[in-house]
Amino acid sequence: MREQSRRPRAALAMGPGVRESVFSGGALDRLARLVDLHDEVMHEVDEKVLAETEVLVTGWGCPPFDERLLRAAPGLRLIAHAAGTVKTFLEPVVLRSVRVTSAADANAIPVAEFAFAAIVFGAKRAFTMAHRYRTQGSRRDFSGMPWLGTHRITIGVVGMSRIGRRVLALLRNLDAEVLVYDPYADPGEAAALGGRLTDLDTLVRRSHVVTLHAPDTPETHRMIGRDRLALMRDGAVLVNTARGALVDTLALAEEVTSGRLDAILDVSDPEPLPPGHPFFALPNVFVTPHLAGAQGGELSRLAESALDEVARYCSGRPLRHEIHIDELGRIA
């Protein structure tokens, strides 16, 4: 059965190498069945290609959606972004009546899995214990640990974003109390996902593990600052797979250097951290290079999400992951 009722003219716009890594395993063949696809990937603004493009499938490293691009694409009607955030180009595009969809929901899956693993490893003190084992040869030296494991602990989830909701679903596998902070969330929805809404200060004060899933906005900038870090209980674990700017890095460095808090950080501020940063040497801090999002085989989910949206557009069905301008202040 054909997936579409018509074949709009379309093009790919993304950085070098992105097509090969994201659109693998027959994804390009499917796209070519859906649309009349331009042969070359557009790495920079190509006015000739844009002049006849109705659907633009974008990815990491796509050209900036400035006035030059938009003037060159008078027939552009859909941007299907095979990646996460669209904040960098959403407003000018939507104001020109172009619809925008994002694969952020597909990208949320591996981030939530990573965050859940970080919560379990952090609660088990896996990284501190691995350091002790490696440097001291001690098999199970739990001395100095204020608590250990996930049994009946309190976990604080900051942000009921796409990722935050998936994390809440995964946390149902633990016998833990779950607190949630999100000023836009509905208490009933939080409860349905196994969490209880509370204010941020209460969440950080009561939680053994705090995991961050909020966007980087003026309201959330350094929301976990010196005062809130001081509220966290001794031995608490901070997990950040969201944005580095949510946390005051200098204040966190003081807390983890003292040994009072542990941290698992997939993002940082600045990013990357400079060589020799204390986070790299501390046994109670585990730092990864922003890899929680889709990598390797997980990238195919992004292509599948974007192509599903193109198929819906071609057949006149409602888009499932359309992003609207009123969401701009609340999305990552």
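How each quantity is defined
Throughout, a residue's number is its position along its own chain's written sequence, starting from 1. Confidence filtering applies because this is a predicted model: local features only for residues at pLDDT of at least 70, side-chain atom pairs given and counted only at 80 or more, and all residues used for totals across whole chains, interfaces and linings. Excluded from the side-chain calculations are hydrogens and water; all other atoms, namely the structure's heavy atoms, are used. Counting from the N terminus, the helices are the DSSP runs of H or I reaching at least four residues and the strands are the DSSP runs of E reaching at least two. Using a 1.4 Å probe on the protein chains alone, a residue whose accessible area is under 20% of its type maximum counts as buried, one over 50% counts as exposed, and one in between counts as partly exposed. Any Lys or Arg side-chain nitrogen located within 4 Å of an Asp or Glu carboxyl oxygen qualifies as a salt bridge. The pairing criterion for strands is at least two bridges between them, as found by DSSP.

Draft legend 1. Local environment of unusual backbone geometry. Following Asp269, the chain continues into Pro270 via a peptide bond in cis, with omega recorded as 10 degrees. Its identity as a non-glycine residue notwithstanding, Arg152 has a phi of 60 degrees, on the positive side. Structurally, Arg152 is set in the loop between helix H7 (126–136) and strand S6 (154–158). For Arg152, a relative accessible area of 68% puts it in the exposed group.

Draft legend 2. Spatial organisation of the pattern of salt bridges. Considering all chains together, one arrives at 18 salt bridges under this definition. Between Arg312 and Glu309 there is a salt bridge; the shortest N-O distance is 2.4 Å. Pair noted here: Arg312 and Glu309 are both in helix H13 (residues 299–315), with a separation of 3 residues, about one helical turn. Through salt bridges that share partners, Arg9, Asp36 and Glu52 make up one connected network.

Draft legend 3. Main features of the pairing of strand S1 (residues 9–13). Of all the 5 residues making up S1, 4 are buried; the element is thus mostly covered by neighbouring parts of the structure. Bridging between S1 and strand S3 (residues 55–58) involves 4 bridges; their strand directions are parallel. Looking at S3, one finds that Leu12 is bridged to Val57.

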